[in-house]
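Breakdown of the fold
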Amino acid sequence: MQTPNHASTPPIRIVATRRRRRTVSARLRSGVLEVLVPSWMSSAERERWAHEMQHRLQRKIARSRPSDERLAGRAQALNVKHFGGRLSWRSVRFAEMSNRWASCTFTTGDIRIANRAATLPDWVLDYLLVHELAHLEHSAHDRLFHELEERYPLTERARGYLMALDHQHAELMG
Ligand SMILES: [Zn+2]
């Protein structure tokens, strides 16, 4: 659990609009969180929504920040679920990697996930982890490796997702 960092909370502007009938929405505009509320809404309700939207934004920011604890927890859960808990590694951490999504040093058991992968959906991040975890047993992309990797049921979908983000992904995966 991370303590909310109030210093990083953007200022809020409440914008009342006649065009919006029932729904409240929010957007970040030049570093200001604009909360769009229907003009009929009471000021107490507007305040309540402003806080709610701020809270949601903070959660989103916290979630997309590279967290090694989150990575370690997910790797261990995937190890248990898809590898019978038999894998062991020395480290699994986020790192600055501009030209690949992830890497695994087979000889030392060090797994690195690119910082930019922190903003991927959980199920895609899990695929990156499964791919690198499978490398702990098979360094090459051979048949046995792919059999291990495909124990993760969303492997194909995740590959497609990454491919859409980055056509080079096949070459970028370590
Ligand atoms: Zn690989």
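Residues numbered from 1 in each chain as written. Predicted model: local features only at pLDDT ≥ 70, side-chain atom pairs only at ≥ 80, totals over all residues. Heavy atoms only, no water.

Turning our eyes to something else, we now look at the sheet that holds strand E5 (residues 102-105). Taken in spatial order, the 3 strands make up an open sheet running E4-E6-E5, and their pairing is mixed. Each edge of the open sheet is held by one strand with a lone partner, namely strand E4 (91-95) and E5. The mean inter-strand angle of the sheet, taken between neighbouring strand axes irrespective of direction, is 15°. Contacts from helix H2 (residues 68-83) reach E4 and strand E6 (110-114), with the element oriented near 135° to E4. (Pairing = 2+ DSSP bridges. Helix = DSSP H or I, 4+ residues; strand = E, 2+ residues; numbered from the N terminus. Axes fitted to C-alpha atoms, helices over the stretch in contact; angles between N-to-C directions. Contact = heavy atoms within 4.5 Å.)

The subject of this paragraph is the confidence of the model for the protein. A low pLDDT score tells you not to read the predicted coordinates there in detail. On average, residues of the protein score 87 in pLDDT, and 90% of them reach the 70 mark or higher. Confidence drops under a pLDDT of 50 for residues 1-7, and excluding neighbours within four residues, the segment shows 4 contacts in the predicted structure. (pLDDT = per-residue confidence, 0-100.)

All right, on to the nonpolar core then. Counting residues in hydrophobic clusters, the biggest one holds 29 residues, and the most contacted among them are Ile113 and Leu128. Those elements giving two or more residues to this core turn out to be H2, E4, E5, E6, helix H3 (122-135), helix H4 (143-149) and helix H5 (155-165). With 8 residues, the single largest contributor to this core is H3. Among all residues touching Ile113, those that are not within four sequence positions of it are Leu71, Arg93, Phe94, Ala95, Met97, Trp101, Ala102, Leu125, Leu128, Leu129 and Glu132. (Core = buried A, V, L, I, M, F, W, Y, C linked by side-chain atoms within 4.5 Å. Buried < 20%, exposed > 50% of the residue type's maximum accessible area, 1.4 Å probe, protein only.)

Contact geometry for H2 and H3: axes closest at 10 Å, N-to-C directions at 65°. Classified by the angle their axes make, H2 and H3 are roughly perpendicular. Crossing of H2 against H3: the hand is right-handed. Judged by residue contacts, Arg70, Leu71, Arg74, Ala75, Leu78, Asn79, His82 and Phe83 of H2 engage Asp122, Leu125, Asp126, Leu129, Val130, Leu133 and Ala134 from H3. Residue classes in the contact of H2 with H3 are distributed as 9 nonpolar, 2 polar and 4 charged. (Parallel < 35°, antiparallel > 145°, perpendicular 65-115°, else oblique. Left-handed = near helix turned anticlockwise from the far one by under 90°. Nonpolar A, V, L, I, M, F, W, Y, C, P; charged D, E, K, R; others polar.)

Inspection of the entire model under this criterion finds 1 aromatic pair. The interplanar angle of 75° and the centroid separation of 5.6 Å between the aromatic rings of Trp123 and Tyr161 together place this pair among those described as edge-to-face. Residue Trp123 is found in helix H3, and its partner Tyr161 is found in helix H5; the two are separated by 38 residues along the sequence. Judged by relative accessible area, which is 31%, Tyr161 ranks as partly exposed. Of note, Arg116 hangs over the ring of Trp101, and the distance from its end group to the ring centre comes to 3.9 Å. The cationic tip of Arg157 hangs over the ring face of Trp123; the distance from NZ or CZ to the ring centre is 4.8 Å. (Phe/Tyr/Trp six-rings, centres within 6.5 Å; stacked < 30°, edge-to-face > 60°. Lys NZ or Arg CZ within 6 Å of the ring centre and 35° of its normal.)

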